[in-house]
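The chain contents come next:
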Amino acid sequence: DALRRAVSADPVWVLGAAAFELLSFGGYILLLWLVGSRASARLGLRESTQITLGGAAATRLLPTAGVGGAAMTLWALRRSGMGTRTAASTLLTFLVLVYAVFLGAIALSGTVLALDGIGPLALTAVPAAAAYVAIALALAAAVWMPADGTGRVRTAGGVLGGAVRAAIEHVRSADPRLLGAFAWWGFDMAVLYGMLNAFGTAPSFAVVVLAYFIGQVANTIPVPGAASGGLVGVLLAFGISADLAIVAVLAYRALAIWVPAPVGLLALGKLRGTMARWEREDAVVEAPIVVEAPRPYEGRPAWRPLEVPAAA
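Because the structure is predicted, anything quoted here is derived from the model rather than measured.

Student: Quick one: what's the story with the packing of helix H6 (residues 84-116) against helix H10 (residues 205-217), residue by residue and with numbers?
Tutor: Where H6 meets H10, the closest approach of the two axes is 9 Å, and the angle between their N-to-C directions is 135 degrees. When the interaxial angle is binned, H6 and H10 end up oblique. Every pair of crossing elements has a handedness; the one defined by H6 and H10 is left-handed. Judged by residue contacts, Phe102, Ala105, Ile106, Ser109, Gly110 and Leu113 of H6 engage Ala206, Val207, Val209, Leu210, Phe213, Gln216 and Val217 from H10.

Written out as structure tokens, the structure reads:
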């Protein structure tokens, strides 16, 4: 039955979903370019593209909520010449911008559905309240946690607060590349919406938004299939038929994994070449400059004082 449903899928929605997935990674690239270029002149558009696509396989194939891609990004930032602290701060600022959209979407969609009485409160009001609390804690860390705090809690709060303050500065710049955070989540979610339409009729957009983001939370469970099971479970809780939910989510996961993964493998080769170039540049800069003492010209007589004849 799954094969029959796959063959009968609407090809327009399938092709559109594949394009949405590529646009999603385009947004990620733009945001990384914005944050990375302000920390290092080496992180231009090309380098940001290589790092993003190189981490795509780790992000998509491993159920680690993006930790695989984040580790790949941190490693690349350090290889670009950043110190450990600078690289970690740059990555954390980037993640704050990305997950601010994540939490905002859960808070907004959960509030709308709870007020309209759609779905169980455990999947609408509770996630929305948790998102509001997380946002409030991050903002509190930015206001009250100094960067030079002592102790584990204060140190962690200071690091988070510094990243939030840096993210706010990026937002104040009103750089168009900030839209990459919305594109990253929005177009990937559009893949799920497209698959629901390809195999049947999608529910309301607010339901898809909340189901998508709560399903991403399930991706934190380090078990293959956790993200797919989380998405299916949330869709079933909102009244979507089991056959439509299962086939749409599996098709979404197939596109989300296999559209960027082959391109990511090619990008890894390019990224290795870029890192080799960085190493050569660093070797030239760090090479000691040897200055040799001048030697007299061979064959030229040694200098002697001018002899002035005595006066008569």
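Student: Could you give me a rundown of helix H7 (residues 125-144), with the residues and numbers involved?
Tutor: Quick reminder: α-helices carry 3.6 residues per turn. Residues three or four places apart thus point the same way. With 20 residues, H7 extends 28 Å between its outermost C-alpha atoms, agreeing within 8% with the 28 Å of an ideal straight helix rising 1.5 Å per residue. Pro127, Ala128, Ala131, Ala141 and Ala142 are the residues of H7 that are buried. Taken down its axis, H7 places every buried residue within 150 degrees of arc, on the same side. The exposed set on the far side of H7, more than 90 degrees from its buried face, consists of Val126, Leu137, Val143 and Trp144.

Student: Can you tell me about the side chain of aspartate 175, naming the residues and giving the values?
Tutor: Looking at the element boundaries, aspartate 175 is found in the loop between helix H8 (152-173) and helix H9 (179-199). By relative accessible area, which is 15% here, aspartate 175 ends up buried. In terms of polar contacts, aspartate 175 uses its side chain to reach the backbone amide nitrogen of arginine 177, at 2.8 Å. Not counting residues up to four positions away in its chain, the partners in contact with aspartate 175 are Leu34 and Arg38.

Student: Give a detailed account of the pattern of salt bridges, specifying residues and quantitative values.
Tutor: Oppositely charged side chains can form a pair if their charged atoms are brought close together. Scanning the model with the defined rule gives nine salt bridges in all. Between arginine 46 and glutamate 47 there is a salt bridge whose closest N-O contact spans 3.5 Å. By relative accessible area, arginine 46 is classed as exposed at 52%. Between aspartate 175 and arginine 177 there is a salt bridge, and its shortest N-O distance comes to 3.0 Å. Through salt bridges with shared partners, a single network forms among Arg42, Arg46, Glu47, Arg277, Glu281 and Asp282.

Student: Which residues make up the packing of aromatic side chains, and what values do they have?
Tutor: Under the defined criterion, the tally for this structure stands at 15 aromatic pairs. Plain terms: the ring middles of tyrosine 193 and phenylalanine 205 are 6.0 Å apart, the flat faces sit at 75 degrees to each other, and that makes the pair edge-to-face. Of the two residues, tyrosine 193 sits in helix H9 while phenylalanine 205 sits in helix H10, which places them twelve residues apart along the sequence. The partly exposed category is assigned to tyrosine 193, whose relative accessible area is 26%. Among the aromatic residues, those joined into a ring-pair cluster are Phe25, Tyr28, Phe94, Tyr99, Phe102, Trp184, Trp185, Tyr212, Phe213 and Tyr252. The positively charged end of arginine 177 is found above the aromatic ring belonging to tryptophan 33, 4.6 Å away from the centroid.

Basis of the calculations
- Residues numbered from 1 in each chain as written.
- Predicted model: local features only at pLDDT ≥ 70, side-chain atom pairs only at ≥ 80, totals over all residues.
- Heavy atoms only, no water.
- Axes fitted to C-alpha atoms, helices over the stretch in contact; angles between N-to-C directions.
- Helix = DSSP H or I, 4+ residues; strand = E, 2+ residues; numbered from the N terminus.
- Parallel < 35°, antiparallel > 145°, perpendicular 65-115°, else oblique.
- Left-handed = near helix turned anticlockwise from the far one by under 90°.
- Contact = heavy atoms within 4.5 Å.
- Expected span 1.5 Å × (residues − 1).
- Buried < 20%, exposed > 50% of the residue type's maximum accessible area, 1.4 Å probe, protein only.
- Arc of directions from axis to C-beta.
- Polar contact = N/O pair within 3.5 Å; in protein donor to acceptor, adjacent residues only side chain to side chain.
- Salt bridge = Lys/Arg side-chain N within 4 Å of Asp/Glu carboxyl O.
- Phe/Tyr/Trp six-rings, centres within 6.5 Å; stacked < 30°, edge-to-face > 60°.
- Lys NZ or Arg CZ within 6 Å of the ring centre and 35° of its normal.

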